[in-house]
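Below, each chain spelled out in residue letters.
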Amino acid sequence: MPITETAGAVERPRFVSGSLLRHVCVMAGTGAIGLIAVFAVDLINLFYISLLGEKETAAAVGFAGVVGFFHASLCIGLTIGIAAVVSRTVGAGRAMDARRIATSSLVLMTAASVVVGSGTAFFLHPALHVLGAEGETARLAQRYLAVTVHTLPLLGLGMACSALLRSIGDARRSMTVTLAAAFVTAVLDPILIFGFGLGLDGAAISAVVSRMVLAGIGLHGVMVKHRMLGRFEAPRLVGDARALASVAGPAVLTNLATPVGAAFVTHAIAQFGPSAVAGAATIDRLSPVAFGLVYALSGAVGPILAQNLGAGQYRRVQEGLRDSLLFMVASVAVAWLVLALGQGVLIRAFSAEGQAAELIALFCTWLAASFFFSGGLFVANASFNNLGHPLLSTFFNWGRATLGTIPFAWWGSHHGAAGVLIGQAVGSSIFGLLAVVVAFRLAAKLAQQEPSMKAPAPVLDAPVAPTSAHGDAAALATPQPVAVTGPAASAGAP
């Protein structure tokens, strides 16, 4: 839904009416297509590099990916803040504020990604050394990153624009942004790597072009199609940054929790030999593809809950959380069934033998069920981030990555490589279940406030967003008139 005034009025936010389950299905479905495309392209990229037959080159891509994951975590955290704050503002019917915050968010994303991206270039050698890259592998990884790190602002802008499009309910265009970039990578990789014989340099060039496409399509959707950007107001930038950081800061910390837990699991499995490591690596690549719908829920649920919070429809917030969990359960059940039935094909496709085959079979048969709880954690985290309690998201993610992973994986390691994965699944499930319980209690408490028109605004851990000069942050969490007419509406035009 565009943030535009038609006939002097702001159009009603898309998610505050209609079937919530349908909104969840559309947002998650389109988001999953983009996510799966990104994960699939990463696999294709590594596959093409591996065809060169140079172990050092393939390893270099792996080390570069670790640095790239840190950059992506920063951008993802910022986009969570952008989607949450802008969605609430749209839900409250404040078109002028939504435009201003959208503009500020792109400025802040660009500034942060320039500092982090180009700043990384000065520390590539020591960073790769700490990660364990040596000799020719380190040299190749550094050469690859020397090209890609400076284009982090393009990646950040593209992701921010995709988040802005999700915040107003344009799931299809948001999906197109990531899907087009993934398609470009899939096409250019073989052409540049093999056709022109550029090898790793070709992969780097392909990544740069892909990010240019990502940013270009995203900006076109935000600026031309929906006219979401307003005039940049420097005096308001600090206030907008504070509102965005209240969600984005904890979200960045939340995203960084995942590699911490994964690193310990990898360390625990490594003692059982390369076959066990290969099996775990295969599972890591299967998971985001098989459970793409579940992963997409994190970004899909947020704008739906946030718009209804901004519109003061607290009961719909509770219903949206419930419908999101129902969708997650159905998605996991289907994916689990497909994995269980197709495990033989997967094992042969990845040429897995010994422990690798045993771990893949264990995951497909039993451990995939742990995604019922991991998916619950994704939904709960989305609700925490968008209902004003982002610190809870940080707590549960770090809890799962530490208390929910390290002691359980350590205990499991006494029973073999399979025990490590079983322990990780058990610990993760405990924290997922706890997060869902807390999320429902918060939503129920919020829903109780709706019957009374004089009920106070919900207490948030973080401010919603700075409003116009005559408003305050809490106003965005209370029911507001949707239509804006007269001079105020005209002033909101970009």
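Thresholds, definitions, all that
Numbers given to residues run from 1 along each chain, matching the order in which its sequence is written. Confidence filtering applies because this is a predicted model: local features only for residues at pLDDT of at least 70, side-chain atom pairs given and counted only at 80 or more, and all residues used for totals across whole chains, interfaces and linings. For the side-chain quantities, the full set of heavy atoms in the structure was used; hydrogens and water were omitted. UniProt positions are given in the numbering used here, feature names are shortened, and annotations may be inferred rather than shown by experiment. Numbered from the N terminus, helices here are DSSP runs of H or I no shorter than four residues, and strands are runs of E no shorter than two. Each residue gets one of three labels from its accessible area relative to the maximum for its type: buried under 20%, exposed over 50%, partly exposed in between, using a 1.4 Å probe on protein chains only. Residue contacts follow a heavy-atom distance rule, with two residues in contact if any of their heavy atoms lie within 4.5 Å. A 1.4 Å probe and the Shrake-Rupley method give the accessible areas. Residues count as covered only by the protein chains that appear here. The salt bridge criterion pairs a side-chain nitrogen of Lys or Arg with a carboxyl oxygen of Asp or Glu, the two atoms within 4 Å. Between N-to-C directions, angles span 0 to 180 degrees; the directions come from axes that are lines fitted to C-alpha atoms, helices contributing only their stretch in contact. By definition in this entry, angles of less than 35 degrees are roughly parallel, angles greater than 145 are roughly antiparallel, angles of 65 to 115 are roughly perpendicular, and the rest are oblique. By convention, the crossing between two helices is left-handed when the near helix turns anticlockwise from the far helix through less than a right angle, and right-handed when the turn is clockwise. Asp, Glu, Lys and Arg are counted as charged, while Ala, Val, Leu, Ile, Met, Phe, Trp, Tyr, Cys and Pro are counted as nonpolar; the rest, among them Gly, fall into the polar class.

- The name an unreviewed UniProt entry assigns to the protein chain is MATE family efflux protein, from the organism Variovorax boronicumulans.
- Regarding the protein chain, the relevant UniProt record gives this comment under Subcellular location (unreviewed entry): "Cell inner membrane".

So, the overall build of the protein chain
In step 1: Tallying secondary structure elements over the protein chain gives 18 helices and 2 strands in all.
In step 2: Counting only residues that meet the buried cut, the protein chain has 52% of its 494 residues in that class.
In step 3: For the protein chain, restricting intrachain contacts to residue pairs at least 6 apart in sequence, the fraction spanning at least 24 positions comes to 83%.
In step 4: About 20,500 Å² of surface is accessible on the protein chain, with carbon and sulfur atoms providing 70% of the total.

Observations regarding unusual backbone geometry
In step 1: The backbone phi angle of R227 is positive, close to 50°, even though this residue is not glycine.
In step 2: Structurally, the position occupied by R227 is in the loop between α8 (200-225) and α9 (237-270).

Details of the pattern of salt bridges
Proximity of charged atoms lets side chains of opposite charge pair with each other.
In step 1: Under the definition given, this model contains 5 salt bridges.
In step 2: Residue R143 is joined to D201 by a salt bridge in which the shortest nitrogen-to-oxygen separation is 3.1 Å. Taken together, the residues R143 in helix α5 (residues 135-148) and D201 in helix α8 connect sequence positions 58 residues apart.
In step 3: Since its relative accessible area comes to 36%, R143 is described here as partly exposed.
In step 4: In this structure, R322 engages D323 in a salt bridge whose closest nitrogen and oxygen atoms are separated by 3.1 Å.

Some points on the packing of helix α12 (residues 314-349) against helix α13 (residues 355-365)
In step 1: At their nearest, the axes of α12 and α13 sit 8 Å apart, and the two run at 160° to each other. Comparing the axis directions of α12 and α13 gives the class roughly antiparallel. Two packed elements cross with a definite hand, and for α12 against α13 that hand is left-handed. Within the contact between the two elements, α12 uses W336, L339, A340, Q343, L346 and I347 and α13 uses A357, I360, A361, F363, C364 and T365.
In step 2: Looking at the contact of α12 with α13 residue by residue, the classes come out as 10 nonpolar, 2 polar and no charged.

Digging into the environment of F384
In step 1: Tracing the chain through its elements places F384 in helix α14 (residues 371-386).
In step 2: Accessibility expressed as a relative area gives 1% for F384, which makes it buried.
In step 3: For the pair formed by F384 and L442, sequence separation is 58 residues and the distance between their alpha carbons is 8.8 Å.
In step 4: When residues no more than four places from it in sequence are discounted, the contact partners of F384 are H389, P390, L392, S393, F396, A435, V438, A439 and L442.

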